[in-house]
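# Summary of structural features
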Protein chains: 2
Amino acid sequence: MSGSRVRTTVLRAAWVLLGGAIAAPVGAAEGMWTLDNLPRAQMQAAQGLVPDAAWVDRAMRAAARLAGGCSASFVSSSGLVMTNHHCITRCLQQLSSPTLNRMATGFLAREREQEIRCPDFEINRLEAITDVTEQVRAATAGRQGAAYQAAEDAARARLTRECRGSDVENTRCDMVTLYRGGQHQLYKYRRYADVRLVWAPEQAVAAFGGDPDNFNFPRWCLDAAFLRVYESGKPAPVAHHFPFRAEGPQPGEPLYVTGHPGNTQRLLTVAQLEFLRENLGTEVIPRNSELRGLMLQYARGDAEAQRLAQNALQGIENGLKVQRGQLLALNDAAVMDGKRRAEAALKAFVAGQPELAARTGDPWAEIEAAQRIRRDLDAEMQLLEEGRGFLSVYFGHARTLVRGAAERSKPNAERLREFNETSLPQIEQRLRAAAPVYPAFEQARLAWSLTRMRSQLGADHPLVRRVLGQRTPEQVATELVAGSRLADPAERLRLWAGGQAAIDASTDSFIALVRSLDADARSLRKRFESEVQAVERQAATRIAQAKFAQSGRSAYPDATFSLRLSYGEVAGWVEKGQPVAPYTDFAGAFRRHTGAAPFALPAPWLAAREQLNPAQRYNFVTTHDIIGGNSGSPMIDREGRVVGLIFDGNIHSLGGSFGYDGTRNRAVSVHAGAIVEALRTVYDAPALVQELLNPARP
Amino acid sequence: MSGSRVRTTVLRAAWVLLGGAIAAPVGAAEGMWTLDNLPRAQMQAAQGLVPDAAWVDRAMRAAARLAGGCSASFVSSSGLVMTNHHCITRCLQQLSSPTLNRMATGFLAREREQEIRCPDFEINRLEAITDVTEQVRAATAGRQGAAYQAAEDAARARLTRECRGSDVENTRCDMVTLYRGGQHQLYKYRRYADVRLVWAPEQAVAAFGGDPDNFNFPRWCLDAAFLRVYESGKPAPVAHHFPFRAEGPQPGEPLYVTGHPGNTQRLLTVAQLEFLRENLGTEVIPRNSELRGLMLQYARGDAEAQRLAQNALQGIENGLKVQRGQLLALNDAAVMDGKRRAEAALKAFVAGQPELAARTGDPWAEIEAAQRIRRDLDAEMQLLEEGRGFLSVYFGHARTLVRGAAERSKPNAERLREFNETSLPQIEQRLRAAAPVYPAFEQARLAWSLTRMRSQLGADHPLVRRVLGQRTPEQVATELVAGSRLADPAERLRLWAGGQAAIDASTDSFIALVRSLDADARSLRKRFESEVQAVERQAATRIAQAKFAQSGRSAYPDATFSLRLSYGEVAGWVEKGQPVAPYTDFAGAFRRHTGAAPFALPAPWLAAREQLNPAQRYNFVTTHDIIGGNSGSPMIDREGRVVGLIFDGNIHSLGGSFGYDGTRNRAVSVHAGAIVEALRTVYDAPALVQELLNPARP
């Protein structure tokens, strides 16, 4: 690592919005940077040092992601993986049953033999990045609409397959499109499909404070968990990992987050943001709010109902806070005016250069026109193609099986992209997973989603008429759930293996439903892809090129669930005139304990209270620019040692979809020392502590 | 009635927004006009005739309103009142019990002796309008903020009391503020507090199509009901009423709606609309959507749960459609750009006249600044002062009792306005009403609202800490409901009669809760009224005066639940390129019947099918400019005969809060002939038919 002196950075810049000609001010930690394009000058200015190539390479190889949508990292040479508890709840739920609630009890494998496989988990580690912008551009040149989309899909299928080669089980290649079309890259991953659970704390301490505290700070959560990747039935040895530094981070020292931010919208045009504002307020938030209300009432049933609904609520409520934060940002005149100014500045720059203007055209107007079509198609797309009208695990499996049979009979390059050959291993893993299905719960969700579909489309819409006929949503949900065997993995695998003939012959209620809707769903998707998505992609590509002409590669691309590096430091902020201190400690958790959920520490914590160091730092905030998907990211120091584990952002960071405000956007982490102290004192896990602190152990 | 020739009007004008210098185009039916300021020239141009003074006077005296928030009309000389079924559901629910569901069964009094009193209904008939603008202006002159608000409150209390005189039981006076402060008037009403139920159809036919069909057209609803006002225990004779014209309206004939539109926001400034957009999207719609989900799941319980939740859902779902329509309008660039242009034009007009400019100042900036304070206060105002954090009938009664004791000990002019002497009769009627309370249902609503309050304010907010302490929302709701006797009218009346001493001595859980919160709630409200409301009112008054300077009294004021007249005609519209016919018929209802709710006609309809005239017109649409509160308005012809009964608007009319679009905003009515035919053939109610068609009968 080059450079040496640590400088305290001064954060200013309210809503420094990328997208215009404005360079990030000295000291701001804005940006989710691709590892091949770090902002060296800005990092030097802010932190007094810049990582060297070896450091970056190691950071890449010790980072990981859960394919389902979280970040992670290797923390021992024996394939031990650190992530958040909230990233593995799906595994814990799948390993639970009416008599064993692993969300409540937590889990610890004292011996490696006790590590249990997570039914459908997959972990990816980035191995190489290859730029294929020219290949994609050549393949799509001169095409428009559906033809453009088909050409891009075919190029993606071909390039990812070439990249992957023949090692289907262990290699994965994704096409990553950056700058909304400005750059295309192949990300080649080592794929681990045998992922086992090592340790998870009780939900009560992992998500202490529940929804009320979520996205708030101060905070007292042990939102951490360990998995282990296996190969050939043994722990996988890994060449690179991040060792633990239990004393944690000091204020002002340079800190890095290597993670997989999922999705930002900082490069969208004003027309796209206006659509988003309308859509969040009139569709997305109302839908999820309704589902929250449904689940809150469902949770008032028996113990199983409570468990299932509480699990669902965690995700729904988390999503709602994010969406609300986004909608507030999109209603903030300062944000939208900033976007308008940046867009006007870029347009003026383009207009000032005849050759560039001719090449660019008016992509903003094209995107605006596409938003009108998006508005017309959105409800049906969501309900039918995205399946939100049929909310249930059955529908998801049925869709996979019906489409999978049709798609696998086509050449790879002509398939729907999610059925590319490179995707089949994950699909099969999901179909095979023996996760329990709860019919009454599925029926409640399904009946609700059918009711909502009828509200949205009206009773006379052909889709509603076809699905409901003369029946109520409740009746249809009852019949569908009673008539399906897709809860059984064996039945799913039989239909998958049987291909089109098995699908055609099936009398399963959900297979029949999906079969009857599929032609409509496909034609809707085709229209959406050619009239909205392809138009946006082509226009955004030209906007990206105009931006490159304006300011080179000095900007970072929107997040795409690909590996990024953020830099920053420990720092509190000022909330309504009051300073918020950056660290909490164990003593604070006990002060906050009321005994009533979600503020009830679990029994092992109460028992260990006297043994725990009350001054142990527990959670802390930093200036890193992160977003959903960064959950589970390691926070590392200049030596590449783990000092913390990202698990949240503060409430202000939720507007981070659209920009970064260094004065108040904060990432929230679990302190490395808190993890070690809890493992040692509460969970009596000496082997795991030993592995973290002395990772030479094989 | 003057004038004669009926002209077919051509509706153009998309979003003709009042508020600028733009006159309504010839033919458009825009406007909810006060009866003392009808747009004579526009009506003449559109319809070829203008009502004369006698017609207008009769229209005023035969119109009525339900004090709870609906329109109505007198339809016989014996005090028979027509309104919508959905306006009397509260009465039907209060007259129901676990063993008798009058929402499901409907009701018919074959003899007057069988007419049952609606526990807390009040009907008002307008008698006189007096302008008191100068008195109010004199009372508030030179005051700002809290002092302004106090002076206006005191003037209101004094003027309404003077207006009412000593006849507390039979007279009611409301201060009506028009043009958001431009004009103040006293509306003097004949008050009827003995209101009895005469006829209501089954909910299944009144709201046929339920939420899916609500605000849609074509439509097949018998959303009608009859009440009767009594005085001294006998049917009240009335001097003016609207007789029935069973053949109903013809396309193109001039038609009028005399009703009480509740609330429009057409005169708000852009800053206020932007606050509304944010608030609808991030607070109002999410809250109601959650409650919808809760109730949908609650309704999956036993029969009683289903009944209670379905009743609640009707209002919630109706509100959500309205709010969604409003939010779509506020996200419509055409709407907001129109508002911005009109505001800019008025500002320019003011700036061009030095004397006017000096008098006007910059009220737009003052309102914008007040919106920032509103944003800060809104959550607590809603939760604490509006009581949304404590959703239950108990809290409402407790608030009335605790505040009532304190307020009644003050001079009239110093009281909170809802405890003015003129309001006490309605309050006492509500406390006395023997409406059943369902503890489990209240507990579910209360637990949810407490949960939501904690989510909104955070667990560390003082209000949340004080209310929840160490307990969960569910625990608190259980304890509160178990500890209250306020479901019993006798206990409520005892506390009301006992005044402050009884309140101080009470150990009722809800009384104690409200007592402990009241100082905070009052100080919050005071801040809101002085820093937001008074600022807005004062600024809006100057905006209104600037508008009068710009265009005289040619505009109509925003709706204020005071009597208005709209003019228009029967006309369909074009929906996605397809014409929508303006009438439906009985045959269509039977075609739409599926047998499954909400598309199940009740048994008496199925039994009478062969006797009913299938070609009888059933529902129809007209161009009248209406809004919520107009429900129950009579649709009358030039002779003042009832041809229909307004019960809804189409989906486009929901944006009508902010403007009127004559090309597609439509009011939806039940045809007069459908009511008569149903009463005669389905409900076997010859006396009622006789009374409607031959209203000379005493």
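Nothing here was measured: the structure is a model prediction, and the numbers come from that model. (Residues numbered from 1 in each chain as written. Chains lettered and ligands numbered in written order. Predicted model: local features only at pLDDT ≥ 70, side-chain atom pairs only at ≥ 80, totals over all residues. Heavy atoms only, no water.)

Moving on to the overall build of chain A. When its secondary structure is counted, chain A shows 24 helices and 20 strands. By the compact-globule yardstick of 26 Å for 698 residues, chain A fits well, its C-alpha radius of gyration being 25 Å. When the backbone C-alpha atoms are referred to their principal axes, chain A occupies close to 70 × 65 × 50 Å. Each of the 698 residues in chain A was classed as buried or not, and the buried ones make up 63%. Taking the intrachain contacts of chain A between residues at least 6 apart in sequence as the baseline, contacts between residues at least 24 apart amount to 79%. Summed over its atoms, the accessible surface of chain A is roughly 24700 Å², and 52% of this surface lies on carbon and sulfur atoms. Considering chain A, the positive charge centre built from 84 side chains and the negative charge centre built from 76 side chains are found 1 Å apart. (Helix = DSSP H or I, 4+ residues; strand = E, 2+ residues; numbered from the N terminus. Rg over C-alpha atoms; globule rule 2.2 N^0.38 Å. Buried < 20%, exposed > 50% of the residue type's maximum accessible area, 1.4 Å probe, protein only. Contact = heavy atoms within 4.5 Å. Areas by Shrake-Rupley, 256 points an atom, 1.4 Å probe, with all protein chains shown as cover. Lys, Arg positive; Asp, Glu negative; His and termini not counted. Charge placed at Lys NZ, Arg CZ, Asp CG, Glu CD.)

Moving on, we come to the state of the cysteines. Residues and elements named next belong to chain A. Tallying each qualifying case throughout the model produces six disulfides over all chains. Across a sulfur-sulfur distance of 2.1 Å, Cys91 and Cys118 are joined as a disulfide pair. An S-S torsion of about -80° defines the bridge between Cys91 and Cys118 as left-handed. Note that Cys91 is positioned in helix H3 (residues 89-94) and Cys118 in the loop between strand E5 (116-117) and strand E6 (123-131), a separation of 27 residues in sequence. Since its relative accessible area comes to 0%, Cys91 is described here as buried. Here chain A pairs its bonded cysteines, counted in sequence order, in the arrangement 1-2, 3-4, 5-6. (Disulfide = S-S within 2.5 Å.)

Residue and element names in this part refer to chain B. The strand order E13-E12-E18-E19-E20-E17-E16 describes an open sheet built from seven strands, whose pairing is antiparallel. Lying at the two open borders of the sheet, with one neighbouring strand each, are strand E13 (564-568) and strand E16 (583-585). Across the sheet, the mean angle separating the axes of adjacent strands is 30° when strand polarity is ignored. The sheet contact formed by strand E19 (residues 642-649) and strand E20 (residues 667-671) spans five bridges and is antiparallel. Counterpart to Leu645 in the pairing with E20 is Val670. Its contacts with the sheet put helix H23 (residues 672-682) on strand E17 (617-622), E19 and E20, and the angle it makes with E20 is roughly 35°. (Pairing = 2+ DSSP bridges. Axes fitted to C-alpha atoms, helices over the stretch in contact; angles between N-to-C directions.)

The subject of this paragraph is the interface of chain A and chain B. Contact residues are listed per partner, giving 46 residues for chain A and 46 residues for chain B. In total, about 3900 Å² of surface goes out of reach between chain A and chain B, with carbon and sulfur atoms giving 50% of it. In terms of surface lost to chain B, no three residues of chain A exceed Gln297, Arg300 and Asn331 of chain A, which account for 14% of the buried area on that side. Taken together, chain A and chain B are joined by eight salt bridges. (Buried area = accessible area lost by both parts, 1.4 Å probe. Salt bridge = Lys/Arg side-chain N within 4 Å of Asp/Glu carboxyl O.)

Before going further, it helps to examine the packing of helix H11 (residues 333-351) of chain A against helix H20 (residues 509-551) of chain A. All names here are of chain A. Running from N to C, H11 and H20 point in directions that differ by 75°, and their axes come no closer than 10 Å. Overall, the two elements H11 and H20 adopt an arrangement that is roughly perpendicular. Of H20, the residues touching H11 (which contributes Ala345, Leu346, Phe349 and Val350) are Ile543, Ala546, Lys547, Ala549 and Gln550. Its residues assigned to classes, the contact of H11 with H20 shows seven nonpolar, one polar and one charged. (Parallel < 35°, antiparallel > 145°, perpendicular 65-115°, else oblique. Nonpolar A, V, L, I, M, F, W, Y, C, P; charged D, E, K, R; others polar.)

This brings us to the domain arrangement of chain A. All names here are of chain A. Considered domain by domain, chain A is made up of domain 1 (40-122 + 193-266 + 558-693) and domain 2 (268-353). One C-alpha centre belongs to domain 1, the other to domain 2; they are set 25 Å apart. At the junction of the two partners, domain 1 supplies 22 residues and domain 2 supplies 17 residues. Contact between domain 1 and domain 2 buries roughly 1600 Å² in total, counting both sides, with carbon and sulfur atoms accounting for 52%. Per-residue buried area on domain 1 facing domain 2 is highest for Asp211, Leu654 and Phe658; these three make up 38% of the total on that side. Inspection of the domain 1/domain 2 interface yields one salt bridge. In this structure, Asp211 and Arg292 form a salt bridge, with 3.3 Å as the shortest nitrogen-oxygen distance. Taken together, domain 1 and domain 2 are joined by nine residue pairs in polar contact (both at pLDDT 80 or more). Sorting the residues of the side of domain 1 that touches domain 2 by element identifies H3 and helix H8 (210-213) as the ones contributing at least two each. Looking at side-chain class alone, the side of domain 1 that touches domain 2 contains seven nonpolar, 12 polar and three charged residues. (Domains from an automatic or database assignment. Polar contact = N/O pair within 3.5 Å; in protein donor to acceptor, adjacent residues only side chain to side chain.)

The next thing to look at is helix H1 (residues 40-47) of chain A. All names here are of chain A. Restricting attention to buried positions, one finds in H1 the residues Met43, Ala46 and Gln47. Here the buried residues of H1 occupy an arc of 75° about the axis, which is enough to place them on one side. Elements that come into contact with the buried residues of H1 comprise strand E12 (255-259) and strand E13 (564-568). Gly48 sits one or two residues past H1 and shows a positive phi near 75°. (Arc of directions from axis to C-beta.)

Both copies of the chain are related by one operation, a rotation about an axis with a shift along it. Rotating chain A by 180° and translating it 0.0 Å along the rotation axis places it on chain B, where the RMSD comes to 0.0 Å. Between the two chains, the operation in question is that of a two-fold axis. Looking at the interface residues of chain A, 100% of them are also at the interface in chain B, so both copies use one shared face. (Least-squares fit on C-alpha atoms with pLDDT ≥ 70 in both.)

On to the confidence of the model for chain A, then. When the pLDDT values of chain A are averaged, the result is 92; 95% of them are 70 or greater. Every residue in residues 1-27 of chain A is under pLDDT 50, and counting partners more than four places away or in other chains gives 81 contacts. (pLDDT = per-residue confidence, 0-100.)

What follows deals with the side chain of Thr89 of chain A. All names here are of chain A. Relative to the assigned elements, Thr89 resides in helix H3. Here Thr89 falls in the buried class, since its relative accessible area comes to 12%. The contact partners of Thr89, leaving out residues within four places of it in the chain, are Met103, Gln203 and Gln314.

This paragraph deals with the packing of aromatic side chains. Residues and elements named next belong to chain A. Here the structure, examined in full by the defined rule, presents 34 aromatic pairs over all chains. With centroids separated by 4.8 Å and ring planes inclined at 10°, the aromatic side chains of Phe390 and Phe395 adopt a geometry described as stacked. The two residues Phe390 and Phe395 agree in class, both being buried. Relative to Tyr683, the ring of Trp605 lies with its centre 6.5 Å away and its plane at 70°, an arrangement referred to as edge-to-face. Linking Trp605 in helix H22 (residues 603-608) with Tyr683 in the loop between helix H23 (672-682) and helix H24 (686-693), this pair joins segments that are 78 residues apart in sequence. Overall, the relative accessible area of 0% leaves Trp605 in the buried class. Taken together through their ring pairs, the aromatic side chains of Trp199, Phe226, Phe586, Trp605, Tyr618 and Tyr683 make up a single cluster. A cation sits over an aromatic face here: Arg408 above Trp496, 3.5 Å from the ring centre. (Phe/Tyr/Trp six-rings, centres within 6.5 Å; stacked < 30°, edge-to-face > 60°. Lys NZ or Arg CZ within 6 Å of the ring centre and 35° of its normal.)

Residues and elements named next belong to chain B. Within the secondary structure, Ala555 sits in the loop between helix H20 (509-551) and E13. For Ala555, a relative accessible area of 18% corresponds to the buried category. In this structure the C-alpha to C-alpha distance between Ala555 and Met32, which are 523 residues apart in sequence, comes to 9.6 Å.

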